[in-house]
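Structural features, examined
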Amino acid sequence: MDFADIANMFNKLELTSARLEMTSILADFFKIVPVTELKNLVYITQGKLHPDFSQIEFGMADKLILKAIAFTSGTPEDKVEKIWLKEGDPGYVAEMLIDGKKQTTLFSEPLTFARVIDGLNQIETAEGKDSQDRKMKILSNMLHDSSPLEARYLCRIVTGRMRTGASTMTILDALAVTFANKEDKPEIERAFNITCDIGLVAEKIAEEGIEGVRNMNIAVGKPIKVMLAERLPSISEVIKKMDGECAVEYKYDGIRSQVHIGKTFVKIFSRRLEDLTHNFPDIAQSLKDHFRGEETIIEGECVAVDADTGCIQSFQEVAHRRRKYGMDDTIKKYPVKIFIFDMLYVNGRDLTLLPYMKRREAIKDWFDISDNIQVSKMKIVHSAEEMESFFGDAIDERCEGIMAKSISDKSIYQTGSRGFLWIKYKKDYHANLIDSFDLVVVGAFYGMGKRAGKYGALLMASYDKETGKYGTVCKLGTGFDDAFLDNMPSLLDKYKLKNKSPLVDAKMIPDVWFSPVVVLEVVGAEISISPVHTAAIDIFKEKAGIGIRFPRFTGRIRDDKGPEQSTSVIEIAEMYKMQSHDFDKFDRAHTNI
Ligand code: ATP
């Protein structure tokens, strides 16, 4: 297959923002791709060569890509950099400067997809002293034989930012349409949720049809998409929703950790599927030592504790563990405990479809409790009073609140879903607003006065799972300390765009647009109908969306969440309804994340 065909398909995707159209562009293409190349094509569509949880990267900074463009096109580096600063995307720079005459010289070779994959593999594995130079030359070599459009996407792939707008859900839809039926989508989604490997799902369905997908299993070592909780504004609503009886657990404020213990390894994954093992080697070892079986997957919250008293510390303390280097001292300085709250797999048995109480019993059956290995505190309650008193205990013990969990026969572990089988209730809900929001930065406004020359405010958006787009909800200008203000360009500028991303719906026009990538935690005073914001547009009022009033940055960059895991438009709309005490509208099926 020629890479030109793939570049054309990416271009078609980029030219539309309608999800259905994207699905059909992808599906039409999947039909003609040789089965052996489908897996790689699916990864590449997301700017990767591997599944999401793989740590392997191309290791090419934008500057190195620009160097390759300069080298190939014979343009001075400073000119390339100037264009890049204006365009904000190495892909466009390459497209402008690679002339695309495809001169057939002695050294030219056709740019097939196989050659691109081979080149990308070489870039990825280049190591050692001259590795940066070699990476640059491999890319340049491919650019030499590229058309301008191919050059655009080659340079985008190595940045990992494709900007085509095709989300995971759209790719799964297209796989369903091509190789099975639309009705099979839930099974395809489950296969993805338990493997987190979209390439593998694509390969299975192309080779073996829906039956192959049905036979896909959990594998120890490969993360599983996590289950998430809904929220309700009062304890009486929670107990009512749980039909008067449920389990309640402390909601610890730490780092969610999915731990995979294999025969020869232990791996800890974050909520975003990053490998956190090197941040918690003490916990990994202790869990291995206190597990009585051979293989398991559990979930728990890693929480910082006071070295002397053993008391739970705030999230800020455990956040010190999330660093790349200098872990030895950090481990001593910030002791951590894990509170296990679920077991998903043990010794060849998938437990995710078992009810909550069975999974909970399994934790105790297979783990010995120790100083740093604990099981989350839990109680079965039958009334709002009992729940209130448990909530009080949780707050006294410096937890964030409680997690109410269904104990019905249907209380499975819903991979990749936010549903009412788990309901969170936090101490913040006693304030005006019921929860903090994790919002995506889509734009920035230059500051004035003390903030002149810096970004002074950010345009924040939330993800709409129905449309696959981001709707704006507030302009965020408070809660930034000096360090954050200084740091904003290095956090955001790599996602700068020349124009608004096709994934963003906005009426407000910021000075700078960004690809929706960075997630920040924000609190607000109220959710209101807003004529200037676009989240939930036309839902509550014609031509108006919903906005967050008096938003304030909490100081927490949610790098444990991807943009699609930010607080969704549906969730904010629900919070708006809760605020208006319009609870009847809550009865809906769980939403997928
Ligand atoms: P938040 O920002 O409130 O932590 P979230 O979007 O990360 O929310 P939710 O499903 O809304 O996730 O809330 C559940 C989170 O609470 C889990 O992701 C986990 O990190 C944490 N947690 C703490 N204690 C527990 C517990 N006992 N059971 C389940 N989750 C718990």
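Just so we're clear, the structure is a prediction, and the values are computed from it rather than from any experiment.

**Structural notes on the overall build of the protein chain**
- For the protein chain, the helix and strand inventory stands at 20 helices and 22 strands.
- The C-alpha radius of gyration computed for the protein chain amounts to 25 Å, which stays within 12% of the reference 25 Å derived for 593 residues, consistent with globular compactness.
- Dimensions of the protein chain along its principal axes, counting C-alpha atoms only, are 80 × 60 × 50 Å.
- Burial analysis of the protein chain (593 residues in total) assigns 57% to the buried set.
- The contacts of the protein chain with a sequence gap of at least 6 include a subset with a gap of at least 24, amounting to 72%.
- Total accessible area on the protein chain is roughly 25200 Å²; 51% of this is exposed by carbon and sulfur atoms.
- Taken together, the 81 basic and 90 acidic charged side chains of the protein chain have centroids lying 3 Å from each other.

**Observations concerning the site of the ligand**
- With respect to spatial proximity, 19 residues lie near the ligand, and among them A229, E301, K424, K426 and K561 are the closest.
- With respect to the ligand, the backbone of Y252 contributes an N or O atom lying 3.0 Å from a nitrogen atom.
- A distance of 2.8 Å separates an oxygen atom of the ligand from a polar side-chain atom of K561.
- Calculation on the ligand without its partners gives an accessible area of 580 Å², and the protein chains cover 96% of this total.

**Some words on the pairing of strand β11 (residues 417–426)**
- The buried fraction of β11 amounts to ten of the ten residues, a majority that puts the element mostly inside the structure.
- Pairing analysis gives four bridges linking strand β1 (residues 228–231) to β11, with the strands arranged parallel. Its bridge partner being in β11, L228 is matched across the sheet by R418.
- With five bridges connecting them, strand β10 (residues 401–405) and β11 associate as antiparallel partners. Residue pairing across strands places K405 opposite W422, the latter belonging to β11.

**Quick word on the packing of aromatic side chains**
- One pass over the full model with this rule turns up 17 aromatic pairs.
- Taking the centre distance of 6.5 Å and the plane angle of 75° together, the rings of F53 and F269 count as edge-to-face. A residue pair is termed long-range when its members are at least 10 positions apart, and F53 in the loop between α3 (35–45) and α4 (62–73) and F269 in strand β4 (residues 266–269) qualify at 216 residues. F269 matches F53 in its accessibility class, with the two residues each being buried.
- Seen from their ring centres, F341 and W422 are 6.1 Å apart, and the 80° between their planes marks the pair as edge-to-face. One end of the pair, F341, is in strand β6 (residues 336–346); the other, W422, is in strand β11, and 81 residues separate them in sequence. Assigned by exposure class, F341 and W422 land together as buried.
- One aromatic cluster in this structure is built from Y250, Y252, F339 and F390.
- Above the ring of F420, the side-chain terminus of K241 is found at 4.5 Å from the ring centroid.

**Some details on the pairing of strand β3 (residues 255–261)**
- The buried count for β3 comes to seven of seven residues, which makes it a mostly enclosed element.
- Both faces of β3 are covered, namely the face carrying I255, S257, V259 and I261 and the face carrying R256, Q258 and H260.
- One ladder, built from seven bridges, connects β3 with strand β5 (residues 296–304); its direction is antiparallel. Bridge pairing links Q258 to E299 in β5.
- Where β3 and β4 come together, four bridges link them in antiparallel fashion. Bridge pairing in β4 places Q258 opposite F269.
- Where β3 hands over to β4, the hairpin turn is made up of four residues, counted between the paired strands.

**What about empty space enclosed by the protein?**
- This model, assessed by the stated rule, comprises two cavities of 30 Å³ or more.
- Within this model, the largest cavity holds a volume of roughly 540 Å³.
- Lining the largest cavity are 35 residues, with K251, R271, E301, E400 and K424 positioned closest to its centre.
- When contributions to the lining of the largest cavity are tallied by element, the ones reaching two or more residues are β1, β2 (246–251), β3, β10 and β11.
- The biggest single contributor to the lining of the largest cavity is β11, with four residues.
- Along the lines of polarity and charge, the residues of the lining of the largest cavity split into nine nonpolar, six polar and 20 charged.
- Its volume calculated, the second largest cavity comes out at about 50 Å³.
- For the lining of the second largest cavity, the per-class residue count stands at two nonpolar, six polar and two charged.

**Regarding the packing of α4 against helix α9 (residues 148–159)**
- Following both chains from N to C, one finds α4 and α9 inclined at 155°, their axes separated by 10 Å at the closest point. Comparing the axis directions of α4 and α9 gives the class roughly antiparallel. The two elements α4 and α9 cross, and the hand of that crossing is right-handed. Contacts from D62, I65 and I69 of α4 reach α9 at C155, V158 and T159.
- Among the residues forming the contact of α4 with α9, the class breakdown is four nonpolar, one polar and one charged.

**Regarding the pattern of salt bridges**
- Overall, the coordinates contain 41 salt bridges when judged by the stated rule.
- A salt bridge links D145 to R115; its shortest N-O distance comes to 2.9 Å. Of the two residues, D145 is situated in the loop between α8 (131–144) and α9 and R115 in helix α7 (residues 113–125); the sequence distance between them amounts to 30 residues. Both residues of the pair, D145 and R115, count as buried.
- Measuring nitrogen to oxygen at the nearest pair gives 2.7 Å for the salt bridge that ties D368 to R292. Here R292 lies in the loop between α14 (281–290) and β5 and D368 lies in the loop between α17 (356–366) and β8 (373–375), a separation of 76 residues in the sequence.
- Look at R292 and you get partly exposed, because its relative accessible area is 45%.

**Some thoughts on unusual backbone geometry**
- Phi is positive for C196, which is not a glycine, with a value near 55°.
- Looking at where C196 falls in the secondary structure, it is placed in the loop between α11 (185–195) and α12 (198–214).

**Re the nonpolar core**
- Membership of the largest hydrophobic core comes to 72 residues, with the highest contact counts inside it found for F3, F30, L38, L41, I69, L120 and L143.
- Top contributing element to this core by residue count: α12, with eight residues.
- Listed in part, the 33 residues of the second largest apolar core include M460, V518, A536 and A573.

Cut-offs applied
- Residues numbered from 1 in each chain as written.
- Predicted model: local features only at pLDDT ≥ 70, side-chain atom pairs only at ≥ 80, totals over all residues.
- Heavy atoms only, no water.
- Helix = DSSP H or I, 4+ residues; strand = E, 2+ residues; numbered from the N terminus.
- Rg over C-alpha atoms; globule rule 2.2 N^0.38 Å.
- Buried < 20%, exposed > 50% of the residue type's maximum accessible area, 1.4 Å probe, protein only.
- Contact = heavy atoms within 4.5 Å.
- Areas by Shrake-Rupley, 256 points an atom, 1.4 Å probe, with all protein chains shown as cover.
- Lys, Arg positive; Asp, Glu negative; His and termini not counted.
- Charge placed at Lys NZ, Arg CZ, Asp CG, Glu CD.
- Near = heavy atom within 4 Å.
- Polar contact = N/O pair within 3.5 Å; in protein donor to acceptor, adjacent residues only side chain to side chain.
- Pairing = 2+ DSSP bridges.
- Phe/Tyr/Trp six-rings, centres within 6.5 Å; stacked < 30°, edge-to-face > 60°.
- Lys NZ or Arg CZ within 6 Å of the ring centre and 35° of its normal.
- 1 Å grid on protein atoms, 1.4 Å probe; cavity = no way out; pocket = protein on both sides within 12 Å on 5 of 7 lines; lining within 4 Å.
- Points joined across faces, edges and corners; volume = space filled by probe spheres on them.
- Nonpolar A, V, L, I, M, F, W, Y, C, P; charged D, E, K, R; others polar.
- Axes fitted to C-alpha atoms, helices over the stretch in contact; angles between N-to-C directions.
- Parallel < 35°, antiparallel > 145°, perpendicular 65-115°, else oblique.
- Left-handed = near helix turned anticlockwise from the far one by under 90°.
- Salt bridge = Lys/Arg side-chain N within 4 Å of Asp/Glu carboxyl O.
- Core = buried A, V, L, I, M, F, W, Y, C linked by side-chain atoms within 4.5 Å.

These figures capture arrangement, not role.
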